[in-house]
Amino acid sequence: MTTDANRPVNVAVVTYVSGRAAAPFGFPARNAAELMVETINAGGELPEPYAASGFAGRKLSLRVYDESGSEDEQIALLRRIHADGADIVLGYAGSAVAMAIAPVAEELGLLTVVSGGGASQLFARQWDWVFRTQTTTTADSVGAARYVAAQLGVCGLGFGGINQKYLWGTDSWREFRAALQVLQPDAQEVGGHFAPLYSGAVVTPIQFLKEQGAQLIHSGNWGVDLFRLVEVARTTVPDARLLLVSGESGLHRLAGIIPDGTIIGGRGSHGLLAHDTELNRWFSSHYRDRYEIAPIYPSYGIANALLGLKAAWDRAGAGAKTIDVASVLAGSTFEGVGSTISMTRANGRQAVAEAVYGTVRRRAGSKEIELTNVVRFAPNKVTPPDGMSGLEWIERRFGSQ
């Protein structure tokens, strides 16, 4: 007789495996899922506390699904995933998709862990079955503003923004703008611009910001929109500093052209911004050996979601139901690849972690780059108290700072 304790845990990963987001985001996430599931199943390879095989000894069975498509298509897909017998679902790079599927996951009682999409609005309501092991736009935006205020400190700094026109881009800009104006009241906004996702429409807004004398250009762009922004900005506004909230994800492709002095974020302590820990060394080296490229933050996001679930399932026991695992995961703290992750917001369903930024330095006569002036901001410096929105916290001047 097969019982829960001796059957595999069915893991569904949803990420882009087709379309324009596949290469820069989806494939790195899928690759990390395959590497981590195989390693967890084998046991004995991951550093402690993750060395034991499986989820409390239970093997994992992985299926990868495509995130491409409309929000309605993703809702239908989640229902099919549930019907296919998935025990847990993780992934979702897109904030809008994560927002759309969350009520359905709740309706189905399907344990779902968002590892990517960061729009802070996801937890405007309370969930029981939906978690996010990644930080939010608030942490990214406040960390960016704190970095700018500390590193630049230019009197009357003229700043503008170019972002993608959907939840991630609009939230990133609103929160960064608000935070910088609190931290550096004399900073002057010279224009915030939005363009459709995957459009690469950056020429006109960059030209406008040039005419307005922008000294700093903020962007949460990723994928093709990030690549195009850097290509155009380096020749159009060579004297303006770029602040790229998602820049870590494109550094390898952009290494030959990204301007010296560009400020880089990576949605937390990931990639070149990660802590030098045994777990990070293991992940980076094994990923690079297998895929012949370094992991980027979408890879870290999937890896951390799986590690958080493993830590919870190991504690809950082999025979645990997913509702038991959800109860253990809520409010837990676990060691992620790159930094410690604490599930201490939104009734224990939303992660907090440090925000990290650094500055590109190009080695003389070389296309190689490194990140210097790396600054880490503790979770309580970039994350509002539980129950308070990011904008409300910023407008209250971060409480006691």
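Residues numbered from 1 in each chain as written. Predicted model: local features only at pLDDT ≥ 70, side-chain atom pairs only at ≥ 80, totals over all residues. Heavy atoms only, no water.

Visitor: A description of the sheet that holds strand β15 (residues 369-377) should follow, citing residues and the corresponding values.
Guide: Taken together, the seven strands give an open sheet; going across it, the order is β7-β6-β8-β9-β10-β14-β15, and neighbouring strands pair in mixed fashion. Looking at which strands have only one partner, the edges of the open sheet turn out to be β7 (188-195) and β15. Within the sheet, the average angular offset between the axes of one strand and its neighbour, ignoring direction, is 20 degrees. Sitting on the sheet, helix α7 (residues 224-236) touches β6 (158-164), β8 (216-219) and β9 (241-244), and the angle it makes with β9 is about 175 degrees. (Pairing = 2+ DSSP bridges. Helix = DSSP H or I, 4+ residues; strand = E, 2+ residues; numbered from the N terminus. Axes fitted to C-alpha atoms, helices over the stretch in contact; angles between N-to-C directions. Contact = heavy atoms within 4.5 Å.)

Visitor: Any chance you could break down the pattern of salt bridges for me, citing the residues and the numbers?
Guide: The final tally for this structure, using the stated rule, is 13 salt bridges. Where Glu-107 meets Arg-79, a salt bridge forms, and the shortest distance between an N and an O atom there is 2.9 Å. Residue Glu-107 is found in helix α3 (residues 95-108), and its partner Arg-79 is found in helix α2 (residues 71-83); the two are separated by 28 residues along the sequence. Taking relative accessible area as the criterion, Glu-107 reaches 53% and is therefore assigned exposed. When its relative accessible area of 36% is taken as the criterion, Arg-79 is described as partly exposed. (Salt bridge = Lys/Arg side-chain N within 4 Å of Asp/Glu carboxyl O. Buried < 20%, exposed > 50% of the residue type's maximum accessible area, 1.4 Å probe, protein only.)

Visitor: Mind laying out empty space enclosed by the protein, listing which residues take part and the relevant values?
Guide: Within this structure, the stated rule accounts for three cavities of 30 Å³ or more. Approximately 190 Å³ is the volume found for the largest cavity. Listed by contribution, the elements that provide at least two residues to the lining of the largest cavity are β1 (9-15), α1 (22-42) and α10 (297-316). Here the lining of the largest cavity gets four residues from one element, more than from any other, and that element is α10. In terms of residue class, the lining of the largest cavity is made up of 11 nonpolar, nine polar and one charged. Estimates place the volume of the second largest cavity at around 90 Å³. Lining of the second largest cavity is provided by 16 residues; of these, Thr-133, Gln-134, Thr-135, His-270 and Ile-341 occupy positions nearest its centre. Residue assignment for the lining of the second largest cavity shows that the elements contributing at least two residues are α10 and β13 (350-352). (1 Å grid on protein atoms, 1.4 Å probe; cavity = no way out; pocket = protein on both sides within 12 Å on 5 of 7 lines; lining within 4 Å. Points joined across faces, edges and corners; volume = space filled by probe spheres on them. Nonpolar A, V, L, I, M, F, W, Y, C, P; charged D, E, K, R; others polar.)

Visitor: Describe in detail the environment of Asp-289, supporting the description with residues and values.
Guide: Position of Asp-289 relative to the elements: it lies in helix α9 (residues 278-291). Between the alpha carbons of Asp-289 and Ala-29 there is a distance of 16 Å; along the sequence they are 260 residues apart.

Visitor: Can you lay out helix α4 (residues 137-151) for me, pointing to particular residues and giving the numbers?
Guide: With 15 residues, α4 extends 21 Å between its outermost C-alpha atoms, agreeing within 8% with the 21 Å of an ideal straight helix rising 1.5 Å per residue. The buried count for α4 comes to 12 of 15 residues, which makes it a mostly enclosed element. For α4, the complete set of buried residues consists of Thr-137, Thr-138, Ala-139, Asp-140, Ser-141, Val-142, Gly-143, Ala-144, Ala-145, Arg-146, Tyr-147 and Val-148. Of the residues flanking the start of α4, the one acting as N-cap is Thr-136, its side-chain oxygen 3.1 Å from the backbone nitrogen of Thr-138. (Expected span 1.5 Å × (residues − 1). Polar contact = N/O pair within 3.5 Å; in protein donor to acceptor, adjacent residues only side chain to side chain.)

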